[in-house]
Amino acid sequence: MMATTIYVPCDTTARSLGADAVAARLTRAAERLGVDIQLKRNGSRGLFWLEPLVEVETATGRVAYGPVAPTDVDALVDAGLFEGRQEHDLALGDIEAHPYLARQQRLTFSRIGLTDPLSLEDYTARQGFAGLKQALALTPQGIVDEVKTSGLRGRGGAAFPTGIKWQTVHDTPAAQKYIVCNADEGDSGTFADRLVMECDPFMLIEGMTIAGLAVGATQGYIYLRSEYPLAQAMLDEAIVRAEAAGYLGDNILDSGHAFHLEVRLGAGAYICGEETSLLESLEGKRGLVRAKPPLPAIEGLFGQPTVVNNVLSLAAVPLFSTRAARPTPTTAWASPAAPWRCSWPATSPVAGWSSWPSAPPCAS
Ligand SMILES: Cc1cc2nc3c(=O)[nH]c(=O)nc-3n(C[C@H](O)[C@H](O)[C@H](O)COP(=O)(O)O)c2cc1C
C-alpha cells in the first residue's frame, strides 16, 4: 500500500504558528497507529489565519485542516485525518475551493503551497526551468524583446518597465555585468518577497539566470534582508541544488553560458532597499544613496552595468520570457483588467467618475 502524503507548510509564518510541532505530532501519531505516511513540507498557500494548514492527499484530491494546533493533532487523527475524513470541526475540504483562493489566478504563486520548495523534481514537474530552456534557444536581444513585449513592470514600487532596464544593461559594453535581486523587503507588513524565496526559491534562481543570459551578466547577488534567516537557508540550499543539477554554474545546461549566484545579507537599514544604497552596501560600504545619473544600469555594482530588480519582478520572468510560457492572450499582461496585475477596480472609486478618466494608474 502506498504511503499517504501529508503536507505541513515549512515557511516562517507557518513555523511561527507551530507547524514544526504539528509535523512532529503527526509523525508520532502515524508511528503509534502503524500508518505509513510521507510527510511533505510545502510552502504556505498564504491563508495565514488557517496556518498551520495541514493537507492530506486522497484519491479525490487534497483535504485541508486548519488552523491546526499541536494539541489538535491526536483528536484530528482519531477523527480520520489520515484517511481524509472531514468530520472534525477543523476540516476545510478542498482548500482551492475556498473563496479566498477560488477567485485568484495565480501565476508567480502558482506552485506555492503545492510543492516542496527545495524539490527540483516538484519544480520541474510544474513547468520549472521551462522558461530557462526556452530562453537558451533565444539570442540575448530576443530575450530582452520578449520581456519588453510582455509588459512586465518592476514590482519594487516604481513599476519601471523591466525590459527597458534590461535593454540598457544589454547595450552597455563591459567585461563584467551583474544581476542584483533586491530582496530587502523593508516596507512594514510586507512579505510577498519572503514567501517567494521561502516557498519557491528555484523560480527566483531561474528568473535571475534568464536575466543574466539576456544582458550578458555572469554573476548575480540576492541582497536579502537579515531578518529573513529561513529565506537565507532556503536560497542557499536551492542554489547548491541548482548548481549540482547544472542549472547554475560555468556551463548552464551544457549551453556554454555561465551564471553564478550568491546570497548577501542586508545591513538592516530601510534605506538599503533603495537600489543605489543597496549597491553601496553590497560593495561593503555604508548604505548611502548615490547621485543619479549614472543609472545602475550603466554604472552599478563596482561601477559595472547592473540590473537591479525586485524579487517578484525576477520571479515572474520565467513565466513569460518566451511566448510559449506566457499567459494567454499575450496582451492580457498589459491589460488593466488583468486580475494578477493590480487590484485597481474596473470603475473609479472617485465620486462623480463612472470610470477611470484614462487607464488606471497601474496600466500607464
Ligand atoms: C527608501 C526606498 C526603499 C526601497 N526599498 C525597496 C525594497 O525593499 N525592495 C525593492 O524591491 N525595492 C525597493 N525600493 C525601490 C528600489 O530602489 C528599486 O526601484 C527597485 O528595486 C527596482 O526593482 P524593480 O524595477 O524590479 O521594481 C526602495 C526605494 C526607496 C526610495
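Everything below is about the structure printed above this text.
Residues numbered from 1 in each chain as written. Predicted model: local features only at pLDDT ≥ 70, side-chain atom pairs only at ≥ 80, totals over all residues.

Topic: the sheet that holds strand S4 (residues 61–65)
Stage number 1. What the five strands build is an open sheet, ordered S2-S1-S3-S4-S5; its pairing is mixed. Each having just a single partner strand, strand S2 (37–40) and strand S5 (91–93) make up the two edges of the open sheet. Across the sheet, the mean angle separating the axes of adjacent strands is 25° when strand polarity is ignored.
Stage number 2. In the sheet, strand S1 (residues 4–7) pairs with S2 via four bridges, with the strands oriented parallel. Bridging across to S2, threonine 5 finds its partner in glutamine 38.
Stage number 3. The strands that helix H2 (residues 19–33) touches are S1, S2 and strand S3 (54–58); relative to S2, the one it contacts most, it runs at about 175°. (Pairing = 2+ DSSP bridges. Helix = DSSP H or I, 4+ residues; strand = E, 2+ residues; numbered from the N terminus. Axes fitted to C-alpha atoms, helices over the stretch in contact; angles between N-to-C directions. Contact = placed C-beta atoms within 7 Å.)

Regarding the sheet that holds strand S6 (residues 178–183)
Stage number 1. Strand order in the open sheet formed by four strands is S8-S7-S6-S9, with parallel pairing between adjacent strands. This sheet does not close on itself; its edge strands, each paired only once, are strand S8 (260–265) and strand S9 (306–310). In this sheet, neighbouring strand axes are inclined to one another by 20° on average, regardless of whether the strands run parallel or antiparallel.
Stage number 2. Pairing analysis gives five bridges linking S6 to S9, with the strands arranged parallel.

Concerning the nonpolar core
Stage number 1. Judged by nonpolar contacts, the single largest core of 66 residues is most densely connected at Val180, Leu204, Ile205, Ala211 and Val307.
Stage number 2. Take this core: its biggest share by element is 10 residues, from helix H10 (residues 201–215).
Stage number 3. When neighbours within four sequence positions are excluded, valine 307 is seen to be in contact with Lys165, Trp166, Val169, Ile179, Val180, Ala211, Val215, Ala217 and Ala297.
Stage number 4. Core analysis: the next-biggest nonpolar cluster, separate from the first, contains 23 residues, Cys10, Leu17, Tyr65 and Leu81 among them. (Core = buried A, V, L, I, M, F, W, Y, C linked by C-beta atoms within 7 Å. Buried ≥ 20, exposed ≤ 12 C-beta atoms within 10 Å, placed from the backbone.)

Brief notes about the packing of H10 against helix H11 (residues 229–244)
Stage number 1. Packing of H10 against H11 leaves a shortest axis separation of 9 Å and a crossing angle of 60°. Here H11 runs oblique to H10, going by the angle between their axes. As for the relative orientation of H10 and H11, their crossing is right-handed in sense. When H10 is examined against H11, the residues Pro201, Phe202 and Ile205 are found in contact with a partner set consisting of Met234, Leu235, Ala238, Ile239 and Ala242.
Stage number 2. Taken together, the residues that form the contact of H10 with H11 break down as eight nonpolar, no polar and no charged. (Parallel < 35°, antiparallel > 145°, perpendicular 65-115°, else oblique. Left-handed = near helix turned anticlockwise from the far one by under 90°. Nonpolar A, V, L, I, M, F, W, Y, C, P; charged D, E, K, R; others polar.)

Remarks on helix H7 (residues 140–150)
Stage number 1. Within the sequence span of H7, burial applies to Ile143, Val144, Glu146, Val147 and Ser150. Here the buried residues of H7 occupy an arc of 155° about the axis, which is enough to place them on one side.
Stage number 2. Residues of H7 that are buried sit in contact with helix H6 (130–136), helix H8 (162–171), H10 and helix H13 (311–320).
Stage number 3. Glycine 151 sits one or two positions beyond H7 and adopts a positive phi of about 80°. (Arc of directions from axis to C-beta.)

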